[in-house]
Amino acid sequence: MRFVMKTLPNVAEHRCEKDRLDPLSPLEELLAAEITERRRLRRELDVRNCALDAAATHIIIGDATRPGWPVVYMNRAVARDFGYEPHELLGKGPSAFFPNDLNQVQLEGITRALSDGREARTEMRGRRKDGTTFWMGLFIAPVKDASGGITHYVGVGADITARLEQERTQRQLQDQLYSEMQERERMAIELRLAQKLESVGRLAAGVAHEINTPIQYVGDGVAFLESAHADQERLIAAYRDAFFRLGSGEPAASVLEAVRNAEQEVDLEFLRVEIPKAFVRTLEGVGRVASIVRAMKEFAHPDANAQSPADLNHAIETTLLVAHNEYKYSAQVEAKLGSIPEVICNVGELNQVLLNLIVNAAHAIQDSGKDASTGRITITSTAARDGVVISIADNGCGIPDENLEKIFDPFFTTKPVGRGTGQGLAIVRSIVAEKHGGSLEARSTVGVGTRFTIRLPINGRASATQPKAPRAA
Ligand SMILES: Nc1ncnc2c1ncn2[C@@H]1O[C@H](COP(=O)(O)OP(=O)(O)OP(=O)(O)O)[C@@H](O)[C@H]1O
Ligand SMILES: [Mg+2]
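Residues numbered from 1 in each chain as written. Chains lettered and ligands numbered in written order. Predicted model: local features only at pLDDT ≥ 70, side-chain atom pairs only at ≥ 80, totals over all residues. Heavy atoms only, no water.

In this section: helix 9 (residues 312-322). Burial of helix 9 is extensive: 8 of the 11 residues sit out of reach of the surface. Turning to helix 9, its buried residues number three or more, namely Leu312, Asn313, Ala315, Ile316, Thr318, Thr319, Leu320 and Val322. By the N-cap criterion, in which a side-chain oxygen at the helix start approaches the backbone nitrogen of a residue two or three places on, helix 9 is capped by Asp311, the distance to Asn313 being 3.0 Å. (Buried < 20%, exposed > 50% of the residue type's maximum accessible area, 1.4 Å probe, protein only. Helix = DSSP H or I, 4+ residues; strand = E, 2+ residues; numbered from the N terminus. Polar contact = N/O pair within 3.5 Å; in protein donor to acceptor, adjacent residues only side chain to side chain.)

Laid out in structure tokens, this is it:
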């Protein structure tokens, strides 16, 4: 055959060149055509091999009819990336490239798929001649003959080590980011809690003072009732004595005189007017103490993370009650509380927000030189579409424009040590925007005052489509 392929065309060419008048026999013509076709096919094959060798993708063809499925073709990328000469790999089975010990599960899967006439996609560890390994992504397909029998398999693959490495790095970065976010959230919770404990501690002194006044009413009332009771006992003794003396026949006039004297001595008329008043004052005092204690308890209510419906007007009243000592020397507070729906929220956290804003307002009024007769804090609550709006305005010193953008930054403060740490508004923002999906706005004019406006969605955090970043304006 080789002889024919090599010589016959030469003969044909020679004959045609040398003796154009002597035509080829039909057999020679047939052979020449056949040889020309084979040469064309060979050239085509060479071009295809060239293209396959130029590809970076690994292409392997194995004989599925022979035991061990030996490789019958591979492109240059396979030999190059596995570190072999092509002839060293031809005739070897897939386990020469992909050792069983590293790829047992995948090799079993591929064998099963190919035996069933299916394609398989997998990732395997390839081992180079020098023993080093790398990851390959592989697509393997069976090649069938006309009768459907599997004759070969074709494997197309690529080194995916860099991609896997990149994915691993990305996963590591994601994990790191996630744990940093968790850590940040944990620190934010701790900060909120610490600030809350600090404010509860600070309020405790004020609350003790607030409780002191009604307790004094109660003390005075009880002391008066005690002495009134002693007077009444003396009077009862005088009445008993009168009964005894009348029973033993003493003249009524002298007995009545003694009774009248006893009544004058204890000032019976005064007792009859003042005892009921003393009861009212004492009960009022007890009621006031009870309401302050209840407000303090509500204010310091241990926060569950869960949110539940709450009346924010009641929250404003509670906070004003516990914070009374913080603002009573600086301002009159006017609460214009409208009819608002309940809001799903963590009310303990919103109490903390209100307290921070009220204390800031009181400080700003003090800084403006005003006092309780001229300072004014106005708190309003109004219903809005799908939400509630609360505003806290003061006629304090105001905030200069250059500070307005910074007031929500953690630890930004213009106050001396001991009066402020700069955490208040950062916590207010975190609670309103991040925890409740609300928004917060500050408007201020130096020398005139400041207004903070809080908008909260009625249905809590989940209903807020996008938590709006707080804006200072
Ligand atoms: N109502 C206000 N009027 C004027 N300035 C204000 C007002 N509220 C806040 N500020 C300014 O914003 C700064 C930051 O307030 P923030 O509540 O965050 O911290 P702070 O009050 O200084 O300290 P902390 O609240 O931690 O005790 C304040 O120092 C003050 O300069
Ligand atoms: Mg503050």
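Neighbouring ligand 1 are 18 residues, the closest being Asn360, Thr413, Thr414, Lys415 and Leu425. In the model, an oxygen atom of ligand 1 is placed 2.6 Å from a nitrogen or oxygen of the Lys415 side chain. One can see that ligand 1 is located within the largest pocket. Secondary structure elements with two or more residues in the shell around ligand 1: helix 11 (347-367), helix 13 (424-435) and strand 12 (449-457). (Near = heavy atom within 4 Å. 1 Å grid on protein atoms, 1.4 Å probe; cavity = no way out; pocket = protein on both sides within 12 Å on 5 of 7 lines; lining within 4 Å. Sits in = over half its atoms within 2 Å of the grid points.)

The backbone of Asp386 shows a phi angle near 60°, a positive value even though the residue is not glycine. Locating Asp386 in the fold gives a position in the loop between strand 9 (376-384) and strand 10 (387-394). In this structure, Phe411 takes a positive phi of about 70° despite not being glycine. Tracing the sequence through the fold places Phe411 in the loop between helix 12 (401-404) and helix 13.

Let us now look at empty space enclosed by the protein. Scanning the model with the defined rule gives 1 cavity of 30 Å³ or more in all. By volume, the largest cavity amounts to about 40 Å³. Taken together, the elements giving at least two residues each to the lining of the largest cavity come down to helix 11 and strand 12. Here the lining of the largest cavity takes 3 residues from helix 11, the largest share from any one element. (Points joined across faces, edges and corners; volume = space filled by probe spheres on them.)

Formed by 50 residues in total, the largest nonpolar core has its most connected members in Leu312, Val353, Ile377, Ile407 and Phe452. If one sorts the elements of this core by residue count, helix 11 sits on top with 10 residues. Mapping this core onto the domain boundaries places at least three of its residues in each of domain 3 (185-300) and domain 4 (302-473). Apart from residues no more than four positions distant in its own chain, Ile407 is found in contact with Ile399, Phe412, Leu425, Ala442 and Phe452. Ranked by size, the runner-up nonpolar core spans 19 residues in total, among them Val71, Leu89, Leu107 and Ala120. (Core = buried A, V, L, I, M, F, W, Y, C linked by side-chain atoms within 4.5 Å. Domains from an automatic or database assignment. Contact = heavy atoms within 4.5 Å.)

Quoted interface sizes are often the accessible area lost when the parts come together. When the domains of the protein are assigned, the result is domain 1 (1-53), domain 2 (55-159), domain 3 (185-300) and domain 4 (302-473). If you look at the interface, domain 1 gives 4 residues, while domain 2 gives 5 residues. Among the residues domain 1 hides against domain 2, the three largest losses belong to Asn49, Leu52 and Asp53. Together they make up 94% of the total. On inspection of domain 1 and its partner domain 2, the count reaches 1 salt bridge. For Arg76, the salt bridge identified is with Asp53, shortest N-O distance 3.7 Å. Across the contact surface, domain 1 and domain 2 share 5 residue pairs in polar contact (both at pLDDT 80 or more). Classifying every residue of the side of domain 1 that touches domain 2 gives 2 nonpolar, 1 polar and 1 charged. (Buried area = accessible area lost by both parts, 1.4 Å probe. Salt bridge = Lys/Arg side-chain N within 4 Å of Asp/Glu carboxyl O. Nonpolar A, V, L, I, M, F, W, Y, C, P; charged D, E, K, R; others polar.)

As a further point, take the packing of aromatic side chains. For the structure shown, the criterion picks out 7 aromatic pairs. With a centroid separation of 5.2 Å and an interplanar angle of 85°, the aromatic rings of Phe82 and Phe97 are classed as edge-to-face. Within this pair, whereas Phe82 is found in helix 3 (residues 76-82), its partner Phe97 is found in the loop between helix 4 (86-89) and helix 5 (100-115), the two being separated by 15 residues in sequence. A relative accessible area of 0% means that Phe82 is categorised as buried. Chaining the aromatic ring pairs together yields one cluster made of Phe82, Phe97, Phe98 and Phe134. (Phe/Tyr/Trp six-rings, centres within 6.5 Å; stacked < 30°, edge-to-face > 60°.)

What follows is about the environment of Gln216. As for its position among the elements, Gln216 is in helix 6 (residues 161-247). For Gln216, a relative accessible area of 45% corresponds to the partly exposed category. Separated by 69 residues in the primary sequence, Gln216 and Gly285 have C-alpha atoms spaced 8.0 Å apart.

With that settled, consider the sheet that holds strand 4 (residues 133-144). Overall, antiparallel pairing links the 5 strands, which are arranged 2-1-5-4-3 in an open sheet. In this open sheet, the two strands that pair with only one neighbour each are strand 2 (71-74) and strand 3 (120-127). The mean inter-strand angle of the sheet, taken between neighbouring strand axes irrespective of direction, is 30°. Sheet topology places strand 3 next to strand 4; 8 bridges connect them, and they run antiparallel. Paired with Thr122 across the bridge in strand 4 is Leu138. Lying over the sheet, helix 6 contacts strand 3, strand 4 and strand 5 (150-159), oriented at roughly 125° with respect to strand 4. (Pairing = 2+ DSSP bridges. Axes fitted to C-alpha atoms, helices over the stretch in contact; angles between N-to-C directions.)

Another aspect to go through is the layout of surface pockets. Over the atoms, a rolling probe the size of a water molecule traces out where space has been left empty. Estimated volume of the largest pocket: approximately 750 Å³. Taken together, 35 residues make up the lining of the largest pocket; nearest its centre are Asn360, His363, Thr413, Thr414 and Lys415. At the level of secondary structure, the elements contributing two or more residues to the lining of the largest pocket comprise helix 6, helix 11, helix 13 and strand 12. The element that contributes the greatest number of residues to the lining of the largest pocket is helix 11, accounting for 8 residues. Taken together, the residues of the lining of the largest pocket sort by class into 13 nonpolar, 16 polar and 6 charged. Three or more residues apiece are contributed to the lining of the largest pocket by two domains, here domain 3 (185-300) and domain 4 (302-473). In terms of lining, the second largest pocket is formed by 15 residues, of which the most central are Arg184, Glu185, Ala188, Ser430 and Glu434.

This brings us to helix 11. With 21 residues, helix 11 ought to run about 30 Å at 1.5 Å a step, and its terminal C-alpha atoms sit 30 Å apart, in line with that. In terms of residue burial, helix 11 counts as a mostly covered element, since 17 of its 21 residues are buried. Phi for Gly369, located one or two positions after helix 11, is positive at around 85°. (Expected span 1.5 Å × (residues − 1).)

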